[in-house]
Amino acid sequence: MVVEMFNLPYFIYIAAAFLLTWISIKFLDRKNEKFRYWFIYGLILFNLFVHFAKTLIYPYTTLGFPEIITKVSFENICAVSALLFPVLFFAKNKTLRDYMVMVGVASGIITFIYPIDAISSLFNAVEIGVKPAFSLEVIRFYFSHFLIFLSPFLMLHYKIHELSFKRAYRAPLMLLSILVIIFINETLITLFGWVPKEQFFDPQHRNPSFIFGVRGDLSGLGMVLGVLVPGFFRVNPFFSGHAYFPVLWLLFPAMIYGSLIALIFMLIYDTDTTLKFFKLKARLPKEEETTIS
């Protein structure tokens, strides 16, 4: 049995996530603020351990040294979360913590809705065959992404960090910054010779968080991105094959969809300020007309 969209294992993992979230809230409701604070940080540290410990299980054990280092580097958005959350948890900068909670919660939810790594028969862009639904790697994949969701969700739930509509515009910019970090990471591990140089820029090989484009055309789910990608970003001048302009091809999708995700968070966690802003915008034309008349 494997994980497929909307089959039994797919819903078992979603149900398990709901149950564990409910248990966590019920457990923490009986604790004081200090305990909650360090419990959440404990979840973050445990996920950091899981991130590195995955190198001890299949299929990571098929990789030699130093290639295995690439799998615990800043190779995608969720890896960046696992590595940076232990630091961002203590950040004084509210914009950084905004990024932490919004991307953590959103990426965790998206992973359960579309668990691409659990469904895919590829590992490190190499065909390895189907992954049993309850194999150690698939369980690790879900558990790690669940922790990426749970820790920032609990931060919001217990007001360890509070979002502000006034800072919402910064969220898409932070997302783009993380994509740049992923690109820099990919550049460095290529320069070090840890991945083949001829595969750089090629979306058919290593393509973390789709920074080099998509493996096929922008059809199906890809159309959601494609409608926001202008033609001049669908060409990579540094690569002769099918590839997109690194990172920048995601500029408009990140800004538009990132802003929509940020708006959803603001409607939930800073409802009054957000609604006041849109009500004010809706009243302005009428007030201007009254002033003119």
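Just so you know, these numbers come straight off a predicted model, no measurement behind them.

## Focus: the overall build of the protein
Along the protein, the regular secondary structure elements total ten helices and two strands. Along the protein, from the amino end to the carboxyl end, the secondary structure elements read α-α-α-α-α-β-β-α-α-α-α-α. The C-alpha atoms of the protein give a radius of gyration of 21 Å, which matches the 19 Å a tight globule of 293 residues would have. With the C-alpha coordinates of the protein rotated into their principal frame, the extents come out at 70 × 55 × 40 Å. Taken across its 293 residues, the protein has 46% of its residues classed as buried. Per element, the accessible surface of the protein, about 15,800 Å² overall, is 70% carbon and sulfur. Put simply, the protein has 25 plus and 19 minus side-chain charges, and the middle of one group is 9 Å from the middle of the other.

## A closer look at a nonpolar patch on the surface
A surface patch of nonpolar side chains, amounting to about 820 Å² of accessible area, comprises Met5, Phe6, Phe11, Ile109, Ile113, Tyr114, Ile116, Ile119 and Phe210. Those elements that place two or more of their residues in the nonpolar patch are helix H4 (94-113) and helix H5 (116-119). On the basis of relative accessibility, which here comes to 58%, the residue Phe6 falls in the exposed class.

## Re the side chain of Asn207
Structurally, Asn207 is set in the loop between helix H7 (170-191) and helix H8 (222-226). Within polar-contact distance, the side chain of Asn207 engages the backbone nitrogen of Ile211 at 3.4 Å. When near neighbours in sequence (up to four residues on either side) are disregarded, Asn207 contacts Phe212, Gly213 and Val214.

## Looking at the pattern of salt bridges
Evaluated as defined, the whole model comprises five salt bridges. Glu75 serves as the salt-bridge partner of Arg206, at 3.2 Å between the closest nitrogen and oxygen. Linking Arg206 in the loop between H7 and H8 with Glu75 in the loop between helix H2 (33-53) and helix H3 (77-88), this pair joins segments that are 131 residues apart in sequence. Across the pair, exposure class does not vary: Arg206 and Glu75 are buried alike. Two residues, Arg167 and Asp98, come together in a salt bridge whose shortest N-O distance is 2.6 Å. With Arg167 in the loop between helix H6 (136-157) and H7 and Asp98 in helix H4, this residue pair connects regions lying 69 residues apart in the sequence. Assigned by exposure class, Arg167 and Asp98 land together as buried. Overlapping salt bridges, with partners in common, bring together Lys71, Glu75, Glu186 and Arg206 in one network.

The rules behind these values
Residues numbered from 1 in each chain as written. Predicted model: local features only at pLDDT ≥ 70, side-chain atom pairs only at ≥ 80, totals over all residues. Heavy atoms only, no water. Helix = DSSP H or I, 4+ residues; strand = E, 2+ residues; numbered from the N terminus. Rg over C-alpha atoms; globule rule 2.2 N^0.38 Å. Buried < 20%, exposed > 50% of the residue type's maximum accessible area, 1.4 Å probe, protein only. Areas by Shrake-Rupley, 256 points an atom, 1.4 Å probe, with all protein chains shown as cover. Lys, Arg positive; Asp, Glu negative; His and termini not counted. Charge placed at Lys NZ, Arg CZ, Asp CG, Glu CD. Patch = residues over 30% accessible without salt bridge, like charges linked within 9 Å, V, L, I, M, F, W, Y side chains within 5 Å. Salt bridge = Lys/Arg side-chain N within 4 Å of Asp/Glu carboxyl O. Polar contact = N/O pair within 3.5 Å; in protein donor to acceptor, adjacent residues only side chain to side chain. Contact = heavy atoms within 4.5 Å.

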